[in-house]
Amino acid sequence: MAVWDWNTIIVAMCALLFIGETVRMRQFFWLSFALFLWLYGGWVSAKILPNILGITQLSNIYLLHFYAFIGSIFFWLNDVIRQPESHIRSIWQSQSSPLLTLFALANLVAHAAFILLAGLIWWEYPNGLTTRIAPILLQFYAWQPLAWWTMIVLLMLVFALHRRVNEEAVTRFTLRQLQGGLLIAVLMQIVYIVMDLYRLVHLMKH
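From a predicted model like this one, the values you see are computed outputs, not experimental measurements. (Residues numbered from 1 in each chain as written. Predicted model: local features only at pLDDT ≥ 70, side-chain atom pairs only at ≥ 80, totals over all residues. Heavy atoms only, no water.)

(A) Looking closely at the packing of helix α2 (residues 28–48) against helix α4 (residues 64–71). Between α2 and α4, the least distance of the axes is 8 Å, while the angle of their chain directions is 135°. By the criterion of interaxial angle, the relationship of α2 to α4 is oblique. Here α2 runs over α4; the crossing is right-handed. On α4, the residues that touch W30, F33, A34, L37 and W38 of α2 are Y67, A68, I70 and G71. (Axes fitted to C-alpha atoms, helices over the stretch in contact; angles between N-to-C directions. Helix = DSSP H or I, 4+ residues; strand = E, 2+ residues; numbered from the N terminus. Parallel < 35°, antiparallel > 145°, perpendicular 65-115°, else oblique. Left-handed = near helix turned anticlockwise from the far one by under 90°. Contact = heavy atoms within 4.5 Å.)

What follows is the structure, encoded as structure tokens:
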């Protein structure tokens, strides 16, 4: 049974917004595949750890961003078109709504940053602070949706502001914009790790 703290509330709000916007824009493949991942993942995990994992357990519900990320493959395949002027620089145009486009971009670079950091930690494990950093990064991804979705919203705002400054539609984006977003996402996740390490050190002193 879900406990209604801020993490649960933010996931519920984002889920309703995601469902509403995908239905409005008729992104049924994206939505249905994300729902399938949640249901199937919950069913399989419940078989492995009953009463701990499952469709209605927080461990599975908190992974909304993962289900939406994998499901967004249909967004990238069906709604993103490379522009003719891309021989000069890589430019793409989304046929979906600004909200879904910004979300897909932000979730993409956020996951890319997570995979990059996880790969670096795995490469160095168990040297240095990696034994402490690894669980912090995993917790950030799987058990701190408030922190994750805050990062997503900030990335969406950065992408939208960048397009407005360039006087272009927010549904239009470039490779350089994605690279900049990846750098920002990496920095945000590093800041989270550093803050959590500082908290642990502070607790150990007391």
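(B) Representation of the nonpolar core in the model. Formed by 50 residues in total, the largest nonpolar core has its most connected members in F18, W30, F103, W148, W149, I152 and L155. At the level of secondary structure, the elements contributing two or more residues to this core comprise α1 (6–24), α2, α4, α6 (98–124), α7 (130–142), α8 (145–165) and α9 (175–205). Apart from the residues lying within four places of it in its own chain, the contact partners of W149 are I10, C14, L64, H65 and F103. (Core = buried A, V, L, I, M, F, W, Y, C linked by side-chain atoms within 4.5 Å. Buried < 20%, exposed > 50% of the residue type's maximum accessible area, 1.4 Å probe, protein only.)

(C) Focus on the side chain of D79. As for its position among the elements, D79 is in the loop between α5 (73–78) and β1 (80–82). Despite its burial, D79 pairs with no opposite charge, the nearest such side chain being R26 at 10 Å. Side-chain polar atoms of D79 contact the side chain of Q27, separated by 3.1 Å. The contact partners of D79, leaving out residues within four places of it in the chain, are Q27, F74, Q93, S94 and Q95. (Lys, Arg positive; Asp, Glu negative; His and termini not counted. Salt bridge = Lys/Arg side-chain N within 4 Å of Asp/Glu carboxyl O. Polar contact = N/O pair within 3.5 Å; in protein donor to acceptor, adjacent residues only side chain to side chain.)

(D) Examining the environment of L183 more closely. Of note, L183 is situated in helix α9. Of the residues examined, L183 reaches a relative accessible area of 55% and is grouped as exposed. Between the C-alpha atom of L183 and that of R24, which follows or precedes it by 159 residues, the distance is 32 Å.

(E) Quick look at the sheet that holds strand β3 (residues 172–174). Strands sit in the order β1-β2-β3 across an open sheet of 3 strands; the sheet is antiparallel. With one partner strand each, in any of the chains shown, β1 and β3 form the two edges of the open sheet. Neighbour-to-neighbour, the strand axes of this sheet turn through a mean angle of 30°, independent of strand direction. The sheet contact formed by β1 and strand β2 (residues 91–94) spans 3 bridges and is antiparallel. By the bridge assignment for β2, V80 is matched with S94. (Pairing = 2+ DSSP bridges.)

(F) Structural view of the packing of aromatic side chains. By the definition in use, this model includes 19 aromatic pairs. Consider the rings of F29 and F74, whose centres lie 5.6 Å apart with planes at 25°: the pair is stacked. In this pair, F29 sits in helix α2 while F74 sits in helix α5, placing the two residues 45 residues apart along the sequence. With centroids separated by 5.1 Å and ring planes inclined at 80°, the aromatic side chains of F75 and W76 adopt a geometry described as edge-to-face. On the basis of relative accessible area, F75 is assigned to the buried category, the value being 0%. Every member of this aromatic cluster is reached through a ring pair, and the members are F18, W30, F75, W76, W92, F103, W149 and F173. (Phe/Tyr/Trp six-rings, centres within 6.5 Å; stacked < 30°, edge-to-face > 60°.)

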